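Spelled out from the first residue to the last, the chains are:
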Amino acid sequence: MKIATWNVNSVGARLPHLMRWIQEDAPDVALLQEIKCVSEAFPYETIEDMGYNVAAFGQKSYNGVAILSKFPLEDVTRGLPTFAQDTQARYIEAVTNGVRVASIYVPNGSEVGSDKFSYKMAFYGALGDHATQSLSYGEPLVWGGDYNVAPYAQDMHDPALSGEPRILCSVEEQRALRTLISQGFCDGLRQVFPASQEAGKGLFSWWDYRAGSFNRNKGFRIDHLLLSPQASDRLEAAGIDAHTRGWERPSDHAPVWITLV
DNA sequence: ATGGTAGCAAAGCTA
């Protein structure tokens, strides 16, 4: 069972890429972020014709998340249950083929110390509360998404940025993501590619559109798949489809995937 | 170096 997460940066603008990637990569489950459209505007027919069930939770112009699956989608939840006051579409959850999956778009945070940064930290707090509940059920759980944090120095093209007061890299953000993982998740990609080994170096999932970041491989690993123990026991393989970032008019993020036995 | 590019939507906001 292959489960992937991808921040597509507008499902409308990226539909040709999404279709090409689905055909080439054939994920069983795709967790999408930043669909940037209302739920009704999702290209359901196009994706359903490719053999997927779709559940979307969108909003106008910004944010928005979706789950695609070759298996039926059951028990769909839109919005973080522990963050009822949130007005932005950043979380959707469903059970598919016996695995409870979530597609998560953590706020970017803009600048460390800003109001948007406080919102990011509050979102992490709500995620932690929901994780406490979710992990208590002892189910296979895969939380995929754009967490907008590079948790360790090895997740940055320049390790010196780690802990610096800049967005994606700060001590506060790293603590928030590491604390979430410590509640009982495993970082799927790091499990397969330890940062201490050669294959674990230079694994990035996002490259800024500006300043030729991709061509210079100035990337960060901010998109993650977090697995409960019942999922990580079944972890077989993992990877990042970085080549999609080299396609014409790409998303600034690349798909991250795992397979479960 | 406070730039640089992309998407939405129609000027500025968000990333």
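That block above? That's the structure.
Residues numbered from 1 in each chain as written. Chains lettered and ligands numbered in written order. Predicted model: local features only at pLDDT ≥ 70, side-chain atom pairs only at ≥ 80, totals over all residues. Heavy atoms only, no water.

## Here's the deal with the overall build of chain A
At step 1: Of the regular secondary structure elements, chain A holds 6 helices and 14 strands.
At step 2: Relative to the 2.2 N^0.38 estimate, which gives 18 Å for 261 residues, the radius of gyration of chain A is 17 Å and therefore close to what a compact globule would have.
At step 3: With 261 residues in all, chain A has 57% of them scored as buried.
At step 4: Of the contacts formed within chain A by residues at least 6 apart in sequence, a portion of 68% connects residues at least 24 apart.
At step 5: Just so you have it, chain A exposes about 10,800 Å², and 48% of that area is on carbon and sulfur atoms.
At step 6: Across chain A, the centroid of the 23 positively charged side chains sits 6 Å from that of the 31 negatively charged ones. (Helix = DSSP H or I, 4+ residues; strand = E, 2+ residues; numbered from the N terminus. Rg over C-alpha atoms; globule rule 2.2 N^0.38 Å. Buried < 20%, exposed > 50% of the residue type's maximum accessible area, 1.4 Å probe, protein only. Contact = heavy atoms within 4.5 Å. Areas by Shrake-Rupley, 256 points an atom, 1.4 Å probe, with all protein chains shown as cover. Lys, Arg positive; Asp, Glu negative; His and termini not counted. Charge placed at Lys NZ, Arg CZ, Asp CG, Glu CD.)

## Section: the layout of surface pockets
At step 1: Roughly 730 Å³ of internal volume is contained in the largest pocket.
At step 2: Lining the largest pocket we find 31 residues, and of these Tyr105, Asn108, Ser110, Asn148 and Trp206 sit closest to its centre.
At step 3: Looking at the lining of the largest pocket, its residues break down into 10 nonpolar, 11 polar and 10 charged. (1 Å grid on protein atoms, 1.4 Å probe; cavity = no way out; pocket = protein on both sides within 12 Å on 5 of 7 lines; lining within 4 Å. Points joined across faces, edges and corners; volume = space filled by probe spheres on them. Nonpolar A, V, L, I, M, F, W, Y, C, P; charged D, E, K, R; others polar.)

## Observations regarding the packing of aromatic side chains
At step 1: Throughout the structure, instances matching the rule amount to 8 aromatic pairs.
At step 2: Seen in terms of ring centroids, Trp143 and Phe185 are 5.1 Å apart; in terms of plane orientation they differ by 40°. Their pairing is tilted. Here Trp143, found in strand S8 (residues 141–146), pairs with Phe185, found in the loop between helix H4 (171–182) and strand S9 (186–187); they are 42 residues apart in sequence, far enough to count as distant. With respect to class, Trp143 is no different from Phe185; both count as buried.
At step 3: A connected cluster of aromatic rings, assembled from ring pairs, spans Phe83, Tyr119 and Phe123.
At step 4: Directly above the aromatic system of Trp257 lies the positively charged group of Lys2, at a separation of 4.4 Å from the ring centroid. (Phe/Tyr/Trp six-rings, centres within 6.5 Å; stacked < 30°, edge-to-face > 60°. Lys NZ or Arg CZ within 6 Å of the ring centre and 35° of its normal.)

## Topic: the protein's contact with DNA strand B
At step 1: Surrounding DNA strand B, one finds 15 residues, the nearest of these being Ser10, Arg14, Ser61, Tyr62 and Arg249.
At step 2: Sugar plus phosphate, as a fraction of atoms of DNA strand B within 4 Å of the protein: 62%.
At step 3: Here a phosphate oxygen of DNA strand B and a side-chain polar atom of Lys116 are 3.1 Å apart.
At step 4: Of the residues in the surface near DNA strand B, the class split is 4 nonpolar, 4 polar and 7 charged. (Near = heavy atom within 4 Å. Polar contact = N/O pair within 3.5 Å; in protein donor to acceptor, adjacent residues only side chain to side chain.)

## Some remarks on the pairing of strand S12 (residues 223–227)
Here is the key point about a regular strand: its side chains alternate between the two faces of the sheet.
At step 1: Summarising burial for S12: 5 of the 5 residues are buried, a large majority.
At step 2: Of the two faces of S12, the one holding Asp223, Leu225 and Leu227 and the one holding His224 and Leu226 are both buried throughout.
At step 3: As defined by bridge partners, S8 adjoins S12 across 5 bridges and the pair is classed as antiparallel. In the strand pairing of S12, Asp146 is matched with Asp223. (Pairing = 2+ DSSP bridges.)

## A few points about unusual backbone geometry
At step 1: Of note in the backbone geometry, Asn63 takes a positive phi value of approximately 60° without being a glycine.
At step 2: Tracing the chain through its elements places Asn63 in the loop between strand S3 (53–57) and strand S4 (65–69).
At step 3: Residue class for Asn63 comes out buried when judged on its relative accessible area of 7%.
At step 4: In this structure, Leu168 takes a positive phi of about 85° despite not being glycine.
At step 5: Inspection of the secondary structure puts Leu168 in the loop between S8 and H4.
At step 6: Relative accessible area serves as the criterion here: at 5%, Leu168 is assigned to the buried category.

As far as function goes, none of this settles anything; it's purely spatial.
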